6 protein chains.
Amino acid sequence: MPLIQISMVEGRTVEQKREIARVVTREVARIANTKEEKVKIYFTDIKPENTASGGKLKSDS
Amino acid sequence: MPLIQISMVEGRTVEQKREIARVVTREVARIANTKEEKVKIYFTDIKPENTASGGKLKSDS
Amino acid sequence: MPLIQISMVEGRTVEQKREIARVVTREVARIANTKEEKVKIYFTDIKPENTASGGKLKSDS
Amino acid sequence: MPLIQISMVEGRTVEQKREIARVVTREVARIANTKEEKVKIYFTDIKPENTASGGKLKSDS
Amino acid sequence: MPLIQISMVEGRTVEQKREIARVVTREVARIANTKEEKVKIYFTDIKPENTASGGKLKSDS
Amino acid sequence: MPLIQISMVEGRTVEQKREIARVVTREVARIANTKEEKVKIYFTDIKPENTASGGKLKSDS
């Protein structure tokens, strides 16, 4: 720990995930006062038809 | 919030997800006494070999 | 399955959860074309200081 | 319940998942003192570029 | 990884969780062909009124 | 979206969570090229006896 699960609409590049992993690990370790190697991150890519806000699928908005 | 994560065996259509999103958002907002636009829903499609009940994979039953 | 995980800010009553469980189970079973006894629901109560939107804790807004 | 969600880097075979489901169900039911048919297991296959430890993507290490 | 999230109705003892952690780690590492120190386990204790099956809260059944 | 679920061993202060929410929202929005108000964060506080690494409960190590 910390365990960080990041769900985003699919389409982000590996480069964006690499940068998010690097920066979020650094900042959470710094603020939570723990070591960077303790921080685990998982990304989930969500299809637009698999997420809804206000009752409407993202693929419909 | 409310955040609603719905995992189902893969195979449901976008139309079924559209209807579930609409109805579940309406009902949860009504009962939980909040606004529909606050309700977020995520669907996860699960392969039959990725779920087990009673120790048996769904793809084996 | 379906497995439905509902996270809400703490404070909803057992009666609200009873009603959400009943209605969401009925509607998801109907739309997803499965049996009600197959539908599992889990509620998570989230403290206001444990959720943030737009970078601000709910307990600060 | 118990509900067991197992996330692993993609690549495990259906046979490995079948064995994990069988053994984990048996052991958790035994130790938690519940029936095997009550135990639900979900596997999530994670791409190497979707997991990071210590700020580095698994696909980069 | 593997990351294993185990949700159970509240009431299991620390001793039961200790035993589940030990045995599930050993077996998943063996079957998934990975090292035990790579296996992370998280337990979530669920109140009976926070889980429902077939539309009925566990606290009502 | 993005939806970010951060699980940490219990004990972090509201101030630490406020800072994590602010910084992680800013950085993920910047890198993922989305608006800050789209970023939702949930914290889960984990008791030491509810997490294990390498088969050992954190409360035992």
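Structural data are supplied above this passage.
It should be emphasised that the depicted structure is a prediction, and the values quoted were computed from it without experimental measurement. (Residues numbered from 1 in each chain as written. Chains lettered and ligands numbered in written order. Predicted model: local features only at pLDDT ≥ 70, side-chain atom pairs only at ≥ 80, totals over all residues. Heavy atoms only, no water.)

1. Re the overall build of chain A
Put simply, the rule is: The way it works is that DSSP assigns letters per residue, a run of H or I at least four long becomes a helix, a run of E at least two long becomes a strand, and they are numbered from the N terminus. We take the radius of gyration over the C-alpha atoms and set the globule estimate at 2.2 Å times the residue count to the 0.38 power. Relative accessible area decides the class of each residue, using a 1.4 Å probe on protein chains only: under 20% of the type maximum gives buried, over 50% gives exposed, and in between gives partly exposed. By definition, residues are in contact when any of their heavy atoms lie within 4.5 Å. For accessible areas, the Shrake-Rupley method is used with a probe of radius 1.4 Å. Any residue's cover is judged against the shown protein chains and nothing else. Only four residue types enter the charge count: Lys and Arg as positive, Asp and Glu as negative, with His and the chain ends excluded. By convention, the point assigned to a charge is CZ for Arg, NZ for Lys, CD for Glu and CG for Asp.
Looking only at helices and strands, chain A has one helix and four strands in total. Taking 10 Å as the expected radius of gyration for a compact globule of 61 residues, we find that chain A reaches 14 Å, considerably beyond that expectation. Seen along its three principal axes, the alpha-carbon backbone of chain A occupies a region of about 40 × 25 × 15 Å. When each of the 61 residues of chain A is scored for burial, the buried share is 54%. The contacts in chain A between residues at least 6 apart in sequence include a share of 61% that link residues at least 24 apart. Put simply, chain A shows about 2700 Å² of open surface, and 45% of that area lies on carbon and sulfur atoms. Here chain A holds 12 positive side-chain charges and 9 negative ones, and the gap between their average locations is 4 Å.

2. A look at the environment of Asp60 of chain A
For clarity, the cut-off: Polar contacts, as used here, are pairs of N or O atoms within 3.5 Å; protein pairs need one atom able to donate a hydrogen and one able to accept it. Residues neighboring in sequence count only if both atoms are side-chain atoms.
Its location among the elements puts Asp60 of chain A in the segment after strand S4 (56-57). As a C-alpha pair, Asp60 of chain A and Gln16 of chain A span 44 residues in sequence and 26 Å in three-dimensional space. Engagement of the side chain of Asp60 of chain A in a polar contact is seen with the side chain of Arg18 of chain B, the distance being 2.5 Å.

3. Some details on the interface of chain F and chain A
Put simply, the rule is: For this analysis, a salt bridge means a side-chain nitrogen from Lys or Arg found within 4 Å of a carboxyl oxygen belonging to Asp or Glu. Each residue is assigned to one class: nonpolar for Ala, Val, Leu, Ile, Met, Phe, Trp, Tyr, Cys and Pro, charged for Asp, Glu, Lys and Arg, and polar for all the others, Gly among them. Two strands qualify as a pair provided DSSP detects at least 2 bridges between them.
Counting residues at the interface gives 24 residues for chain F and 24 residues for chain A. On inspection of chain F and its partner chain A, the count reaches zero salt bridges. One can count seven residue pairs in polar contact (both at pLDDT 80 or more) joining chain F with chain A. Broken down by secondary-structure element, the contributors of at least two residues to the side of chain F that touches chain A are strand S1 (3-9) and helix H1 (14-32) of chain F. Top contributing element to the side of chain F that touches chain A by residue count: H1 of chain F, with ten residues. Classifying every residue of the side of chain F that touches chain A by side-chain character gives 14 nonpolar, six polar and four charged. Across five bridges, strand S1 (residues 3-9) of chain A lies against S1 of chain F in antiparallel orientation. Paired with Leu3 of chain A across the strands is Ser7 of chain F, a residue of S1 of chain F.

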